[in-house]
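# Summary of structural features
In case you want the letters, here they are:
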Amino acid sequence: MSRPVIGVLGASGSVGRAAVGELRALGHSGLRLGGRTASALCEVAEENPGGHDETVWADATAPDGLRAFTEGCDIVLNCVGPTYRLRATVASAALDAGAHCVDVAGDDPAAEDLLKGGDPARDGRTVVLSAGALPGLSSLLPRWLAGQGLDGVTALTAYCGGLEPCSPTVAHDLMLSLSSGGADGAAYGQALAAVRGGRRAPRALRTDEDTAHPAFPGRVALQPYLSGESERLAGDLGVDRLDWYNVHPGPAVRALLNSLPGRLAAGEDPDRLAERLILAADLDLAGRKPYYVMDFALSGTASGAPATAGATLRAASSYRLTAAVGALAVDAVLRGAVPAGVHFACDVLDPGAVVRHLRSHGAADLRLTGTAAGAEPEEEGIL
């Protein structure tokens, strides 16, 4: 049987390059590497000279180039953006070429576009969206943690953020997320909102601009933020209370984020603001070691008694985490572990399998705490 053709679009970018390495580690070779810079693609291919990878010029904004890239692929892993500008462009091109698709982002706008065009399940094709760190792993890890000895979960508190370079895709998507990215044309999430009594509660929490948190080094700013993914997670776990905080360790980035709504409302160019965000991230990072943290605390019951379970994940880069989840989604689709249709990664990937992969590949450190029977207190090691 011939090997499946896996196309990685954006293979020379921050996420794409790491995803190529993750796919190779999973045993996949003969990859089709797509992007707009031939020299950069050749560098990625040369990292595995015996892997028989091919490089193909591809531009997600050029229909002809995208069609030439997807033609002949069995599955496409999309690592390019801006996500909320492209929406389902790449996934639709993959489906038109008879291929499956995994998108490290995509989110609700891509799902809505795809379902308007007819369910891909009718043609036996699969699309997996939000197969990244956040969204993606940000929902998979709490689901895994909930199974570590808890009989039921009543509350979840999460802190996610870090100090790392800001890619152009992330910068532009952040601008777009303020007015899109969520379901039905809404913004990606709602600042200060939380879940109370199993429902969204606007302005339930407050921002803390200067505080300490044990999972993060130094002083940080905490921004309460309820996204569509975290709201769905609350429903899936059946929690009564969910508090979610985006953590900003860098003052330059935080100052710019605070001013963004007013600047955009005043008509400032979003592309220029995205460039400023990239520079602000570099300024915050100067002389410091990059890191990314996801910290979760669950409350519930175990054997009829109150119990808690906590997990703190520390990684050098959220981009590496995104690449790992995207590659695992590709592998799961090719193994037939994901049914046909349009799905979010957190709904179809096995959380335990994701954790086992990350543990075996040294992507991050993990510490478990709590009183639940399945959570080994103060366990620390490579995740």
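Please refer to the structure placed before this passage.
These numbers were taken from a predicted model, which means no experiment stands behind them. (Residues numbered from 1 in each chain as written. Predicted model: local features only at pLDDT ≥ 70, side-chain atom pairs only at ≥ 80, totals over all residues. Heavy atoms only, no water.)

It is worth spelling out unusual backbone geometry at this point. A cis amide bond links glycine 81 with the next residue in sequence, proline 82, at an omega value of 0°. Mapping proline 82 onto the fold places it in the loop between β4 (75–78) and α4 (83–86). For leucine 192, which is not glycine, the phi dihedral falls at a positive 75°. Checked against the element boundaries, leucine 192 lands in the loop between β8 (189–191) and β9 (194–196). At arginine 203, a residue that is not glycine, the phi angle is positive and equals roughly 55°. With respect to the helices, strands and loops of the structure, arginine 203 is situated in the loop between β10 (199–201) and β11 (208–212). (Helix = DSSP H or I, 4+ residues; strand = E, 2+ residues; numbered from the N terminus.)

Overall, the coordinates contain 4 aromatic pairs when judged by the stated rule. Between tyrosine 159 and tyrosine 245 the ring centres are 4.9 Å apart and the planes differ by 5°, which places this aromatic pair in the stacked class. Taken as a pair, tyrosine 159 in strand β7 (residues 152–163) and tyrosine 245 in strand β13 (residues 241–248) lie far apart in primary sequence, 86 residues in all. Taken together, a centroid distance of 6.5 Å and an interplanar angle of 20° make the contact between tyrosine 188 and tyrosine 225 stacked. Highlighted residues: tyrosine 188 in the loop between α8 (168–177) and β8 and tyrosine 225 in strand β12 (residues 219–227), separated in sequence by 37 residues. Note on tyrosine 188: relative accessible area 13%, which makes it buried. (Phe/Tyr/Trp six-rings, centres within 6.5 Å; stacked < 30°, edge-to-face > 60°. Buried < 20%, exposed > 50% of the residue type's maximum accessible area, 1.4 Å probe, protein only.)

Below, the discussion takes up the packing of helix α12 (residues 318–334) against helix α14 (residues 351–361). Orientation of α12 relative to α14, taken along the N-to-C sense of each, is 125°, at an axis distance of 11 Å. Considering the angle they form, α12 stands oblique to α14. In this structure, α12 meets α14 at a crossing whose hand is right-handed. Residues Arg320, Ala324 and Leu328 of α12 pack against Val354, His357, Leu358 and His361 of α14. (Axes fitted to C-alpha atoms, helices over the stretch in contact; angles between N-to-C directions. Parallel < 35°, antiparallel > 145°, perpendicular 65-115°, else oblique. Left-handed = near helix turned anticlockwise from the far one by under 90°. Contact = heavy atoms within 4.5 Å.)

Attention now moves to the pairing of strand β1 (residues 6–9). The alternating pattern of β1 places Ile6 and Val8 on one face and Gly7 and Leu9 on the opposite face, and all of these are buried. Two strands pair when backbone bridges link them, and β1 and β4 are joined in this way by 4 bridges, in the parallel orientation. Bridge assignment links valine 8 to a residue of β4, and that residue is leucine 77. Strand direction decides the pairing type here: β1 and strand β2 (residues 32–35), joined by 3 bridges, are parallel. (Pairing = 2+ DSSP bridges.)

Looking at helix α3 (residues 63–70), one finds that the buried residues are Gly65, Leu66, Phe69 and Thr70. Taken down its axis, α3 places every buried residue within 125° of arc, on the same side. Those residues of α3 that are exposed and aimed more than 90 degrees away from the buried face are Pro63 and Asp64. Just downstream of α3 lies glycine 72, where phi reads positive at about 95°. (Arc of directions from axis to C-beta.)

Attention now goes to the environment of glycine 16. Among the secondary structure elements, glycine 16 is positioned in helix α1 (residues 14–25). Distance in space between the C-alpha atoms of glycine 16 and aspartate 365 is 22 Å, their sequence separation being 349 residues. Aside from chain neighbours lying at most four places away, what touches glycine 16 is Val8, Gly10, Ala11 and Cys79.

These results come straight from atomic positions and should not be treated as a statement about function.
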